[in-house]
Structures are given as structure tokens and as C-alpha cells.
Amino acid sequence: MSLLIRGGTVVTADQTFRADVYCADGKIKAVGETLDAPAGAQTVDAGGQYVMPGGIDPHTHMELPFMGTVASEDFLSGTAAGLAGGTTMIIDFVIPAPNVPLLDAYEQWMGWAKKACADYSFHVAITWWSDKVREEMGVLARDKGVNSFKHFMAYKGAIMVTDEHLLASFQRCQELGAIATVHAENGELVYYLQRELVKKGITGPEGHPLSRPPEVEGEAANRVIRIAQVIGTPVYIVHNSCRESVEAITRARLEGQRVYGEVLAGHLLVDDSVYRNPDWNFAAAHVMSPPFRPKEHQEVLWRGLVSGNLQTTATDHCCFCADQKAMGRNDFTRIPNGTGGVEDRMAVLWTHGVGAGRITMNEFVRITSTNAAQIFNIYPRKGSISVGADADIVVWDPAATRTISARTHHQKIDFNIFEGMNVKGVPSHTISQGKVVYANGKLMVEQGAGRCIPRPTFPTVFEAVKKQNEARAPRAVPREAAE
Ligand code: URQ
Ligand code: ZN
Ligand code: ZN
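Residues numbered from 1 in each chain as written. Chains lettered and ligands numbered in written order. Predicted model: local features only at pLDDT ≥ 70, side-chain atom pairs only at ≥ 80, totals over all residues. Heavy atoms only, no water.

*Asks:* How would you sum up helix 11 (residues 296-307)? Please name residues and give values.
*Replies:* The terminal C-alpha atoms of helix 11, which comprises 12 residues, lie 17 Å apart, in line with the 16 Å expected from a rise of 1.5 Å per residue. Within helix 11, burial applies to His297, Gln298, Val300, Leu301, Trp302, Gly304 and Leu305. (Helix = DSSP H or I, 4+ residues; strand = E, 2+ residues; numbered from the N terminus. Expected span 1.5 Å × (residues − 1). Buried < 20%, exposed > 50% of the residue type's maximum accessible area, 1.4 Å probe, protein only.)

What follows is the structure in C-alpha cells.
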């Protein structure tokens, strides 16, 4: 099975050039001005279009058991929807319930993901702590290709981790050469504000953003950055939604600390007015954490991407339909948190990023694919158009338009946070492992074709961080030694 993508303009994180791309055996075999198609090769005409690395969404939750229900999108439908939008790999999350062994949870998620039709990988969440957790982190890093461990500083009473356990886990990440990723909201403050609001009789979705103001996110972002600084380990903060967290990241990066930041397509374009909509279902459909913010935060997030202080874009695709959201009909704190987006991220970012003149095409590739591949150590296998890379490619038609709607999307959710948005620039073809799996509106996916992609740990980065720490450590010596 071989494929020649001809006549297109290749766009990578740092180059734009006219070239054909030849793929065989799931890999990119040749990139060149005019390539001949061997007999029997399938061809895709990419004339007038861009040929880019397939998108990587580093933050999804397919069929996540959460808040008393299970996310409606599964690994087959979710990876298919991603392919329809040009995303060829997701990094999802294994989230063990407290006291469940990490390896048991890992096997459970691996079982669910078997049906995926595109490649995937897993961050593993540390939701409790013990010597066994510590030991199993090592097994996951050494034997299962897990190089990132997630920490929820919110969701008190469920999956929230204490500072004590955060510290222990960060030390373990440092030992293993694994990156710590974090949901940064102060869970104690959220819990306090939720109680106060419900006591005042504010039980509708309008209470959700009031219980998680930007200060709650900014405090946690700053705290976890400082903890990582003292422990001496890199940290990746997911779904930054506001000025407060972007400022915390920017300050740290200016001082040379290895802090990485992610932003969701939703937070760049949806604002908190949605929670004041008189339609309860409409407002509840937007309940996710951190919440959508007042519009002025969006410009700060875009500037974070342009300045390089934020590196990746994601969706936090965690879908709950109206009947599930209705679990919080009388108490907003019970509305399952999460929204969709895996199918729309790239078209939305192209339209409002490249189309609006905010970012270049190369920056678009950087923030939708290459940076995530490099941060999570799967570059250049993923996130590149280069010989030897996986043939995960999106052929992008900059002139094609679409109106986003739950009535036509492939996502398994009855709502779309970008409903009615007109986008210009969408995939005409998506290629996964060298096969055309989406062409001109039609999905041709194969259940189970997705692979779990191992992500090696990062000794080099951690060596650099260790040296940085030693250089900074006070020259204290034991008193007796000094005499
Ligand atoms: O917090 C997360 O990332 C998960 C539980 C999805 N839900 C959400 O509201 N972001
Ligand atoms: Zn989160
Ligand atoms: Zn999430």
C-alpha cells in the first residue's frame, strides 16, 4: 500500500516549500519537488493545498468515568472525529480512582483504547500516593513508554492530589526523567466557593465560573511552578485559560525555568457569557474546568501562543450529553465537567489564527502538532514531514469553508461549543499510517488500527535541569566538615 501526495506545498514548523510526499509501509519514504508514483500507488492531488504534519491533541478524555457518569465519546468515535478534523494522534489520560493501582488502571484504559482508529498515547494521573504508586511509576516509565504523569490540583474529594503527594510525585518524575503535567486550580478554594454559592441559592450553571475565578487558577499555577522550581523538574500546565496563569508561566520562563503551557481551542474563542444564557441546557453544556473566561483573557492567550510562552493547543475533549449534564439540574457542582472539540480544533485555529493574521502557517503547525511531539518526546516520528516519520499527514484546503454544527459533526455529543461558526480552511484529506482515512467529507477508518505510541523519558533534559539546580544550590557544607 503506497501513496503519492502530489502537487502540494509542504508546511512544517519551520519551512514552507513545494514538494510531493511519497509514503509506503506507514512511513514517509520521500519528499521532493517531483516524485514519480510507482505502479499501483494511490495518488492524492494536493494542488493549491498545504501538506502538513497530522495534528496531535495532547489532551483528551475518551469514555472517561467522571462525576458519576462516563464521557459519551469513545476511543473509536473520538479518534475518527479527530481524523475528520486533521488530528492524527491523541494523548489521553489514565485516571486511576484513589487507591486503584496505576498498572490496573493503565490496563483498563488500554482495553478501552483498543478500538481506536488512530494512534494514541496516555498520560497517567497520580491521584493518590504510596510506595506502590512510586514503584509503578517506574514500571510505566521503563516498560510502557509513559513519560508524563498528570496531577489534578482541583476536584477535592475525588481525584485532587495534596501538595505533599504532588511533591513526592514530582521528585519521582525527576528521578525517572518524566514530565509532570498539571491541572492548576486551587481545589480547596473551589470547594469553599461552591459551598458559599449554593448556600446563597445560586445552583444554576452561572455559579460554575463564580466558583473558579481566574485567581483560583493563577494561584495554583504559580504554586506548582514554584514547587517544580524547588524540586528541579520541568512542568507542563494544561488548559491555561486566563491572564493569571499565563503571567505565572511567562515570569518563570523568563527566568529560564522549564515550564510549558497548553491552551484549549475553546478558551481562545468562547467566553463566559455562555453561562448567563437563559437556556439551562446551553449554559450547562459549557460547564468545564477551568471555565470559559471574560473575553479579555482571550487576547492574552493568543499572545501567549505568538510569544512562545504557550506552546501547545488541545481540546480537553471530554463529552457529556444533555441528559448527563442534567445530573446537575439542581446543583451546578454536580454537572459533569467537560466539553468537546477534537474535530474542530485545527479548523478553528486556522481560521482565527492564520486567517486572522495572528499566526503564520508554520506557527500553526508548531502549536497543533510539532511542539506537542517535541515536548512529549515523539518527534520526529510524529509532528514532522520528513523521511522516516510516520505517514500521519493532513492535506489542508485553505479555500474550503464549513459551518460547524452538532447536526453535522462526527463527535458523539449532542452539542458543539463552536455551533454556527464559519471556518475557512479545512482538511480535504487525512492520512494516518500512510492510508487515506478521510477524503472530501468521507471517513474510511478501521476500528483497532490505532496504536499505542510509546514516549521515552528525557534523560538529557533532566540532566540539564539537574546541572541548573546544582549551580543554583547554596554552597552549604556540614559544620563539622567546615572545621
Ligand atoms: O479537568 C479535566 O481536564 C477533565 C476532568 C475534563 N473536564 C474538564 O472540565 N476539563
Ligand atoms: Zn483538567
Ligand atoms: Zn482534561
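*Asks:* Quick rundown of the environment of Ala252? Include the residues and the values.
*Replies:* Looking at where Ala252 falls in the secondary structure, it is placed in helix 8 (residues 243-254). Here the alpha-carbon distance between Ala252 and Arg226, two residues 26 residues apart in the chain, equals 8.6 Å. Once residues lying within four places of it in the same chain are set aside, the contact partners of Ala252 are Ile225, Gln257 and Val259. (Contact = heavy atoms within 4.5 Å.)

*Asks:* Please set out the site of ligand 1 residue by residue, giving values where relevant.
*Replies:* Near ligand 1, the surroundings consist of 13 residues, among which Tyr155, His183, Ser289, Asp316 and Asn337 are the closest. One of the side-chain N or O atoms of Tyr155 is found 2.6 Å from an oxygen atom in ligand 1. Most atoms of ligand 1, that is more than half of them, are within 2 Å of grid points of the largest cavity. (Near = heavy atom within 4 Å. Polar contact = N/O pair within 3.5 Å; in protein donor to acceptor, adjacent residues only side chain to side chain. 1 Å grid on protein atoms, 1.4 Å probe; cavity = no way out; pocket = protein on both sides within 12 Å on 5 of 7 lines; lining within 4 Å. Sits in = over half its atoms within 2 Å of the grid points.)

*Asks:* Hey, could you go over the pattern of salt bridges for me, with residue numbers and the actual values?
*Replies:* Taken as a whole and judged by the stated rule, the model has 28 salt bridges. Close ionic contact of Lys382 with Asp119 constitutes a salt bridge, the shortest N to O distance being 2.7 Å. One end of the pair, Lys382, is in the loop between helix 14 (361-375) and strand 18 (393-403); the other, Asp119, is in strand 12 (residues 119-125), with 263 residues separating them in the sequence. Here the two residues Lys382 and Asp119 agree in accessibility, since each one is buried. Here Lys199 ties to Glu196 by a salt bridge, and the two come within 2.9 Å at their closest N and O atoms. Here Lys199 and its partner Glu196 are both found in helix 5 (residues 187-199), 3 residues apart, which amounts to about one turn of the helix. Judged by its relative accessible area of 66%, Lys199 falls in the exposed class. Looking at Glu196, the relative accessible area reads 23%, which means it is partly exposed. A single network of salt bridges, built from pairs that share partners, joins Lys27, Asp119, Arg381, Lys382, Asp390, Asp392 and Arg451. (Salt bridge = Lys/Arg side-chain N within 4 Å of Asp/Glu carboxyl O.)

*Asks:* Let's hear about the layout of surface pockets: which residues, and what values?
*Replies:* Considered as a void within the structure, the largest pocket measures approximately 630 Å³ in volume. Lining the largest pocket are 31 residues, with Phe66, Met67, Tyr155, Lys156 and Ala158 positioned closest to its centre. Sorting the residues of the lining of the largest pocket by element identifies strand 9 (65-66), helix 2 (102-113) and helix 5 as the ones contributing at least two each. Ranked by residue count, the leading element in the lining of the largest pocket is helix 5, at 5 residues. Approximately 180 Å³ is the volume found for the second largest pocket. Lining the second largest pocket are 13 residues, and of these Ser432, Gln433, Lys435, Glu446 and Ala449 sit closest to its centre. Class assignment of the residues belonging to the lining of the second largest pocket gives a composition of 6 nonpolar, 4 polar and 3 charged. (Points joined across faces, edges and corners; volume = space filled by probe spheres on them. Nonpolar A, V, L, I, M, F, W, Y, C, P; charged D, E, K, R; others polar.)

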